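Spelled out, the chains give:
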Amino acid sequence: GTIWNGAIVADVCENDSTGTEILLLSLEEWDAMTVQVDDIMNGYSVNGMMGWRLPSHGEAQMFRDRFCGENRLALNNLISEYDPDLCWIDGEERYLCDKDGEFYSFVFSAGKPISQAGTQRSYYVRLVKVYNIGYSRLFG
């Protein structure tokens, strides 16, 4: 729930002797049809970081539970402080995620179902990336 290097730090995935893996969530948001997602992912870069993707089904569950209610409001306040022109994370609209190569959608609200996405409507898209912060970078 902090902002680092132009992205939201959504989770600390793994911490070992080589460094820490963090899950980044894009600050940028798109309103797109499922057929547009590949173009969005292929062209997206933040501070030289490429290789962004849709959240997995499990990551979407974590976002739904972690960034709901007051936590979503606090995160949206951070986003506004970082750049008032950026979109807030909406607690009512559906965002795309990936489940075994299929498009699903979720809402940033606890208890809401994750369901298969349709092809006839648009969804919000926020991309994710797992990034390794090596200890030499942290303490070097």
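Residues numbered from 1 in each chain as written. Predicted model: local features only at pLDDT ≥ 70, side-chain atom pairs only at ≥ 80, totals over all residues. Heavy atoms only, no water.

Asks: Please explain the confidence of the model for the protein chain as it appears in this structure.
Replies: Low pLDDT means the predicted atomic positions in that stretch should not be read closely. For the protein chain, per-residue confidence averages 90 on the pLDDT scale, and residues scoring 70 or more make up 94% of the total. Mean pLDDT values for the elements of the protein chain range from 49 in helix 4 (residues 135-139) up to 98 in strand 8 (residues 123-125). Low confidence marks residues 136-140, where pLDDT is under 50. Its contacts with residues over four positions away, or in another chain, come to four contacts. (pLDDT = per-residue confidence, 0-100. Helix = DSSP H or I, 4+ residues; strand = E, 2+ residues; numbered from the N terminus. Contact = heavy atoms within 4.5 Å.)

Asks: Would you take a moment to explain the packing of aromatic side chains for this structure?
Replies: Two aromatic rings are characterised by how far apart their centres lie and by the angle between their planes. Within this structure, the stated rule accounts for 10 aromatic pairs. Look at Trp30 and Tyr44: their rings are 5.0 Å apart centre to centre, the planes differ by 85°, and that puts the pair in the edge-to-face class. Separated by 14 residues along the polypeptide, Trp30 in strand 4 (residues 30-32) and Tyr44 in the loop between helix 1 (37-42) and helix 2 (57-66) bring together distant segments of the chain. We classify Trp30 as buried; its relative accessible area is 17%. Within the aromatic cluster, the residues linked to one another by ring pairs are Phe63, Phe67, Tyr95, Phe106, Phe108 and Tyr124. The ring of Tyr123 has Arg121 sitting right over it, with the charged end atom 4.3 Å from the ring centre. (Phe/Tyr/Trp six-rings, centres within 6.5 Å; stacked < 30°, edge-to-face > 60°. Buried < 20%, exposed > 50% of the residue type's maximum accessible area, 1.4 Å probe, protein only. Lys NZ or Arg CZ within 6 Å of the ring centre and 35° of its normal.)

Asks: Before we go on, may I ask you to explain the nonpolar core in this structure?
Replies: It is characteristic of soluble globular proteins that their nonpolar side chains tend to be buried jointly. Among the nonpolar cores identified, the biggest contains 21 residues, and Leu24, Trp52, Leu54, Leu96, Val125 and Leu127 are the most heavily contacted of them. Put simply, the parts of the chain that give this core at least two residues each are strand 2 (7-16), strand 3 (19-26), strand 4, helix 1, strand 8 and strand 9 (128-134). With three residues, the single largest contributor to this core is helix 1. Leave out the neighbours within four places in its chain, and Trp52 touches Ala7, Leu24, Leu25, Ser26, Met41, Tyr44, Ser45, Val46, Leu127, Val128 and Lys129. Core analysis: the next-biggest nonpolar cluster, separate from the first, contains 19 residues, Leu25, Phe106, Ile114 and Val128 among them. (Core = buried A, V, L, I, M, F, W, Y, C linked by side-chain atoms within 4.5 Å.)

Asks: What should I look at first to understand the pairing of strand 3 in this one?
Replies: Here is the key point about a regular strand: its side chains alternate between the two faces of the sheet. Where burial is concerned, most of strand 3 is hidden: seven out of the eight residues are buried. Looking at chain direction, strand 3 and strand 9 are connected through seven bridges and run antiparallel. If you follow Thr20 over to strand 9, its bridge partner there is Ile133. (Pairing = 2+ DSSP bridges.)

Asks: Quick question: what am I supposed to make of helix 3 (residues 69-82) here?
Replies: Helical geometry note: an α-helix holds 3.6 residues per turn, so side chains three or four residues apart project in the same direction. With 14 residues, helix 3 extends 20 Å between its outermost C-alpha atoms, agreeing within 8% with the 20 Å of an ideal straight helix rising 1.5 Å per residue. Every buried residue of helix 3 is listed here: Arg72, Leu75, Asn76 and Ile79. Relative to the axis of helix 3, the buried residues are bounded by an arc of 100° and lie together on one face. Facing away from the buried surface of helix 3 by more than 90 degrees, the exposed residues are Glu70 and Glu81. (Expected span 1.5 Å × (residues − 1). Arc of directions from axis to C-beta.)

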